[in-house]
Structures are given as structure tokens and as C-alpha cells.
Amino acid sequence: SADGGRNLSLDSIPMGLPMSDPTAWATAMNNLGMAPMGMTGQPLLPDFDPALGMMTGIPPINPMMPGLGIVPPPIPPDMPAVKEIIHCKSCTLFPPNPHLPPPATRERPPGCKTVFVGGLPENGTEQIIMEVFEQCGEVIAIRKSKKNFCHIRFAEEFMVDKALYLSGYRIRLGSSTDKKDTGRLHVDFAQARDDLYEWECKQRMLAREERHRRRLAEERFRPPSPPPVVHYSDHECSVVAEKLKDDTKFSEAIQTLLTWIERGEVNRRTANNFYSMIQSANSHIRRLVNEKAAHEKEMEEAKEKFKLALSGILVQFEQIVAVYHSASKQKAWDHFTKAQRKNISVWCKQAEEIRNIHNDELMGIRREEEMEMSDEEIEDPSEMKETEESALVSQVEALKEENDSLRWQLDAYRNEVELLKQEQGKASRDEDTTKEQQMKLLQQALQGMQKHLLKVQEEYKKREAELEKVKEDKLKIETLLENLKEQESSTSRVCACSQEKECPVEKTLSNSPVKSEREVLLVGIISTFLHVHPFGASIEYICSYLQRLDSKICTAEVEVLMTRLQNTFRQELSGVGASLEKRWKFCGFDGLKMT
């Protein structure tokens, strides 16, 4: 090549050594620390020198011998899988035995770019070291010692891995067999302050970049800051007052008003403007109440629509169940196959379960409505009086607020009068006439406000008198309620005495078919259930419904009770053969005529 033989190369000239004795050839190769044959079956040492000193007494090494299965270190991707002879300009490198364990290395320091090289020949120079290790990458510095070792610093970290690949190679200077011209290289990581400093600088730079990246990400996801609030002025005040009357801009305007009040913009001159804005904010409450009422009305309408839709769905469910029941009758049932009958019965059960669930939901909605209606109907007159009293109290409080607002307006007018008086002393004589007119106008306004105040006070006194009357009426109603309660207690005692007299009469009626209150409740529930099912129901279906209410109910108890009441319940047989089915029906209306 153009570099004068510095690159890694293999001499392809075949060797002239006779191959009549293969064991001698293998012994020679193993004494050199090499495998006798390559991966392709070709000799790996074509340029073998027979004059090289061999270590005698070592038997040939077989790769299949036990104890040699050592895992080699990871090989860089650009290095060959099998180590080969390296020819340089001034020296030759022979690879180590591949079956020996890899040379030991220390822990790699962070940012390592420097290696320690030991086992150099005594006659080795810096030029020879540069010639060998320059093939691994750019060498920045070589620090050689007198004791056959040196430190080499490379430009990049990955070059250190290439240098470590040469660890274990045997070096020979030229063709000399002198001990001073040979050695076994040992390459290891070295700890250098320059490498550590560069690594720390690089880490700090990466940390700065990471912080900058995180800051940009945080700024991207940070919510935008609110717009700045303008300073108070008469023009801005009028703009905010108009926005307070607009529903779409109310939230922005109320925030501006709050900021102005917290900044301390309220003073004698601006008190009236701020009061008018606060009054506008108070009037917004009525709009909010009306909006809430409209939403409640929409919710009620939606509830009504849902109830109507649910009732329509229930009607359709009833029609589907009726179709299943009619298909289960003998006229049509005998024409279906077994698989079809099974599917129809499964569908019928599913439809009945879904219908019962929807029916319970509709009944729950109706019960809630009935409860609300009963709560509205059962209202005491005392509650009505309390509502009237609370209405009067709220009116009185409203009058108090109006009274306070009028006082504040009077104070504001007085402050303006004082300001005008101060300005009057400083003004010129030409403006005296206009000032007097303003004073007269202000005095007239004050007189009008005082008259209004007197009227408000009179109304306040009237409201207080009405409140006292309402309280007296309330006391009278409470006394009447107590008298009524006493009368009810006396009547309850009389009823108790009459019940004690009627006890022997009830004992004579113990021969009735219904023997306890629990059986009465069961009869009522079963009759309502069968009334909903005009085509009748089996005893298992009735008991499954009753066991939802009470798990202790058994089928035998229900059947005995129903057989006792022959005028209320009637048992019918339907079907033929295997499809024979017993159904119970409610016949209370017909039984009433018979009894």
C-alpha cells in the first residue's frame, strides 16, 4: 500500500516447510500460541520462521480438550473473528493462543482515551510503538518509561477498544531472536486526569442541553399568562360598566372590577362609579337564577321524554313476550324442532328478564314522582306562614340594603360638595356664578334624597309591624296545633279500649284460610304479579320473583297457600306429553261473585 506497510496485512506466499510429519507441525504451531489450522482449513502462518526459538516439552494443544471452553471478550465489528499475524514495517506481531483465557483488564474509567501498554521489548522505541498503535487511530501523545511500558493517549474513546485488541500479542523486532527484541504486549485501561476533565466537561454540556430541552418543553406546555388589567380611568370605567351588562363579557369585566378594588382605586371621587358597577354585578344574579330555572325546566322535559320512551319500550317488550307465549302454545309448538324450541324458550326468558328490569325502573320513577307529589300536598299551614315570614324578612333586608345604598350616595354627594367648596376658594371670581348654581343643584338633590330616605324609613316601620303580626299569628297556630295533638291522644286512648273489647270477636275468625299477616302479604304480592301476567305463570316463576323479595320463601309454602285459596287462584294444565305445564292464574274477580 502507499503507507509503506502500516495497515494490517497477511502474507499470502505459501510456506516451504514439508508436511510429512503432521504432529511435529501441530507442536510447532501450538508452541507459538497459535491454532494449527484456520476456519477454512488453510494454514494461518504462511510466513513461519523455523529459526524462531520454541518452548520444548509442551504437548500439542487440541481445541476439543476439556477446560478450554473460555468465552472471549466482545470483538469490535471491524476486527476479524480469528486473530492473525500483523506485519509492520519494523516489527511483527504474533497472535496469542485462542484457547487461553482473555487477558485481565481493570474497570474502564469514564471517558477513557488513554491506555497502558506493558511487556514492550527493551530495544523498542517510540517510533515502533507509534507504528504499531497508529493503526488503531489517531495518537495524540506517547509517554514512554524506561521499564518497558508506556501510556498512549488517543483522540477518541472507540480507539481504545481497538488498542485493547492487541493485548496478548507477541512482538518481535525485525527478524532478531534476541530476548531484548521480543516481548508480550499487555494493553489495559489507564486513568488520566485529562480524560476525566474532558468527560466531565462533556457531561456538563449534555446536562445543560437537557435542562434547556426541558425548559423549552415546560414553556410549551405552560398555560398562557392572563392578559394584563388596564389601569382605572373614566373611559375604562364606562367600558367595564357596559361589559357588566353583557352576559358574554361579564366574566372578563368582573375580573377587571375585582382587580381595581384590590388595587385601591376606590376613593371619594370614584365611589359612585364603583357602586354602580357593583350594583350591575348584583343584577347579574337575577340573570343567573333565570338561567338555572331554564336549565331545570329542560331537565324536567328530558325526564318526561325518557319516561315516555321507556313506557313505549315496555309496550314493545310486552308484545314480544306475547309472541313468545303464543309460539309456546301447542298449536304452533309441535311444528318446531327441538333446537328451535330451545332457542324460543331461551329468548322468552331473556325477554321477560329485560322487561322486568325496565318495568322496575319505570315503577321506581313513578314512585319518586308520587313521593314528591305527596310531600308537596302534605304541607302544614305553619310552613306556609314560615315562607311568608321569610319573604317578609327578605323584603326587609332588601329595604335595609337600599337604605344603606342611599346613605352611601349621600356621603358621596357630601364629599363632592366638600371638593367643590375647596375648588371654589381657589377658582377665580368669574366662576362664582357657576359654582353657586352647582351648589343649588346639589342642595336640591340632597333635599330629594332626604325625602326619599324618610319614605324608606316609613316603609321599614310598616314592614316591622307586619312582621310582629305574623309572629303573633304563628304563636296562635302553634297553640292550636298543641290542642289538636291533645285531642288526638285522647281519641287514640278511646280506640285502644274499643280494640280490647273487639279482641274476642277476632279470635272467632281464626278459621279463615289466611292464618298470618305474612300470608296476607304473600297473597297480595302474588295476586298483583299474576294480574300483570294474564296468561298465568308457573309456580317456579312466581317463587323466583318472591325470592327476590325474601330468600327464605320456599315453593311448597307458596303452593299450599295458593291451593287453600281456590276462589282467588286457579291452576290450569297446558300442553301434551313432555310439554305438559301447570300454570296458576288469578281468578279473584270471578271468585268474588261466587262467594
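Above: the structure in question.
For clarity, every value in this text was computed on a predicted model and none was experimentally measured.

Attention shifts here to the overall build of the protein chain. A count of helices and strands for the protein chain gives 15 helices and 10 strands. A sequence separation of at least 24 residues applies to 65% of the contacts in the protein chain between residues at least 6 apart. Total accessible area on the protein chain is roughly 42,000 Å²; 56% of this is exposed by carbon and sulfur atoms.

What follows covers the packing of helix α6 (residues 250–263) against helix α7 (residues 271–327). Contact geometry of α6 with α7 gives a least axis separation of 11 Å together with a crossing angle of 140 degrees. Between α6 and α7 lies a crossing whose hand is left-handed. Counted together, Phe250, Ile254, Leu257, Trp260 and Ile261 of α6 and Phe274, Met277, Ile278, Ala281, His284 and Arg287 of α7 form the full contact between these two elements.

What follows covers the sheet that holds strand β1 (residues 86–87). Strand order in the open sheet formed by four strands is β1-β2-β6-β7, and the pairing between neighbours is antiparallel. Of all the strands in the sheet, just β1 and β7 (182–184) have a single pairing partner and so form its edges. Bridge analysis of strand β2 (residues 91–94) against strand β6 (residues 170–173) gives four bridges, and the strand direction is antiparallel. Directly across from Thr92, in β6, lies its bridge partner Arg172.

For the rest of this paragraph, the subject is the pattern of salt bridges. Counted under the stated rule, the structure contains 20 salt bridges. Of the charged contacts, one joins Glu304 and Lys307 as a salt bridge, the two residues approaching to 3.8 Å between their closest N and O atoms. With Glu304 and Lys307 both in helix α7 and three residues apart, the pair spans about one turn of that helix. Overall, the relative accessible area of 39% leaves Glu304 in the partly exposed class. Judged by relative accessible area, which is 16%, Lys307 ranks as buried. For Asp550, the salt bridge identified is with Arg518, shortest N-O distance 3.5 Å.

Estimates place the volume of the largest pocket at around 1,300 Å³. Together, 41 residues line the largest pocket, and His325, Ser328, Cys348, Glu581 and Arg583 are the ones closest to its centre. Of all the elements in the fold, those that place two or more residues in the lining of the largest pocket are α7, α8 (330–333), α9 (338–377), α12 (517–532), α13 (539–549), β9 (569–574) and β10 (581–586). In terms of residues, the lining of the largest pocket owes the most to one element, α9, which gives eight residues. Partitioning the lining of the largest pocket into residue classes produces 14 nonpolar, 13 polar and 14 charged. Each of domain 3 (308–369) and domain 4 (517–592) contributes no fewer than three residues to the lining of the largest pocket.

A complete count under the given rule lists three cavities of 30 Å³ or more for this structure. Looking at the largest cavity, the residues that line it are Leu120, Pro121, Gly124, Thr125, Ile128, Ile129, Val132, Phe133, Ile171 and Leu185. Ranked by the residues each element gives to the lining of the largest cavity, the list is headed by helix α2 (residues 126–133), at four residues. By residue class, the composition of the lining of the largest cavity is eight nonpolar, two polar and no charged.

Once that is clear, we can look at helix α5 (residues 234–244). Residues Cys237, Val240, Ala241 and Leu244 constitute the buried set of α5. Along the axis of α5, the buried residues cluster in a sector spanning 105 degrees; they form a single face. Opposite the packed face of α5, turned more than 90 degrees from it, sit the exposed residues His235 and Glu242. If you follow the buried residues of α5, they end up packed against α6 and α7.

It is worth spelling out the nonpolar core at this point. Core analysis: the biggest nonpolar cluster contains 31 residues, and Val117, Phe133, Ile152, Phe154 and Leu166 have the highest contact counts within it. Elements supplying a minimum of two residues to this core: β2, β3 (114–118), α2, β4 (139–144), β5 (149–154), α3 (158–164), β6 and β8 (186–189). Sequence-distant contacts of Ile152, that is, excluding residues within four places in its chain, are made with Lys113, Thr114, Val115, Val117, Ile129, Phe133, Val139, Ala141 and Ile142.

Next up on the list: the environment of Gly183. By the secondary structure assignment, Gly183 is in strand β7. What Gly183 contacts, discounting residues up to four positions off in sequence, is Gly119, Pro121, Tyr169, Arg170 and Ile171.

Moving on, we get to a negative patch on the surface. A cluster of acidic side chains, namely Glu397, Glu401, Glu402, Asp404, Glu458 and Glu459, defines a negative patch on the protein surface. In terms of residue count, helix α10 (residues 381–426) provides more of the negative patch than any other element does, four residues in total. Note on placement: Glu401 falls in helix α10.

This part covers the sheet that holds β5. Strand order in the open sheet formed by four strands is β4-β5-β3-β8, with antiparallel pairing between adjacent strands. Strands with a single pairing partner mark the edges of an open sheet, and in this sheet they are β4 and β8. On average, each strand axis in the sheet is tilted by 20 degrees relative to the strand beside it, whichever way the strands run. Bridge count between β4 and β5: five bridges; the pairing is antiparallel. Residue pairing for β5: Arg143 is matched across the bridge by His151.

Attention now moves to unusual backbone geometry. Residue Asn148 is not a glycine yet carries a positive backbone phi of 60 degrees. Assignment of secondary structure puts Asn148 in the loop between β4 and β5. Judged by relative accessible area, which is 26%, Asn148 ranks as partly exposed.

Counting through the fold element by element, Asp188 comes out in strand β8. Polar contacts involving the side chain of Asp188 include one to the main-chain amide nitrogen of Arg106, which spans 3.2 Å. If near-sequence neighbours (up to four positions away) are discounted, Asp188 is found in contact with Ala104, Thr105, Arg106, Val115, Phe116 and Leu164.

We now examine the packing of aromatic side chains. Applying the stated criterion across every chain yields a total of eight aromatic pairs. Ring geometry for Tyr165 against Tyr169: centres 6.4 Å apart, planes inclined by 50 degrees, an arrangement best described as tilted. Residue classification places Tyr165 among the buried positions, given a relative accessible area of 9%. A ring pair is formed by Tyr232 and Phe274, whose centres lie 5.3 Å apart and whose planes are at 20 degrees; its orientation type is stacked. Taken together, the residues Tyr232 in the loop between α4 (193–221) and α5 and Phe274 in helix α7 connect sequence positions 42 residues apart. For Tyr232, a relative accessible area of 15% corresponds to the buried category. Through a chain of ring-to-ring contacts, the aromatic side chains of Tyr232, Trp260 and Phe274 assemble into a single cluster. Sitting above the plane of the Tyr165 ring, Lys83 keeps its charged end 4.9 Å from the centroid.

Conventions and cut-offs
Residues numbered from 1 in each chain as written. Predicted model: local features only at pLDDT ≥ 70, side-chain atom pairs only at ≥ 80, totals over all residues. Heavy atoms only, no water. Helix = DSSP H or I, 4+ residues; strand = E, 2+ residues; numbered from the N terminus. Contact = heavy atoms within 4.5 Å. Areas by Shrake-Rupley, 256 points an atom, 1.4 Å probe, with all protein chains shown as cover. Axes fitted to C-alpha atoms, helices over the stretch in contact; angles between N-to-C directions. Left-handed = near helix turned anticlockwise from the far one by under 90°. Pairing = 2+ DSSP bridges. Salt bridge = Lys/Arg side-chain N within 4 Å of Asp/Glu carboxyl O. Buried < 20%, exposed > 50% of the residue type's maximum accessible area, 1.4 Å probe, protein only. 1 Å grid on protein atoms, 1.4 Å probe; cavity = no way out; pocket = protein on both sides within 12 Å on 5 of 7 lines; lining within 4 Å. Points joined across faces, edges and corners; volume = space filled by probe spheres on them. Nonpolar A, V, L, I, M, F, W, Y, C, P; charged D, E, K, R; others polar. Domains from an automatic or database assignment. Arc of directions from axis to C-beta. Core = buried A, V, L, I, M, F, W, Y, C linked by side-chain atoms within 4.5 Å. Patch = residues over 30% accessible without salt bridge, like charges linked within 9 Å, V, L, I, M, F, W, Y side chains within 5 Å. Lys, Arg positive; Asp, Glu negative; His and termini not counted. Charge placed at Lys NZ, Arg CZ, Asp CG, Glu CD. Polar contact = N/O pair within 3.5 Å; in protein donor to acceptor, adjacent residues only side chain to side chain. Phe/Tyr/Trp six-rings, centres within 6.5 Å; stacked < 30°, edge-to-face > 60°. Lys NZ or Arg CZ within 6 Å of the ring centre and 35° of its normal.

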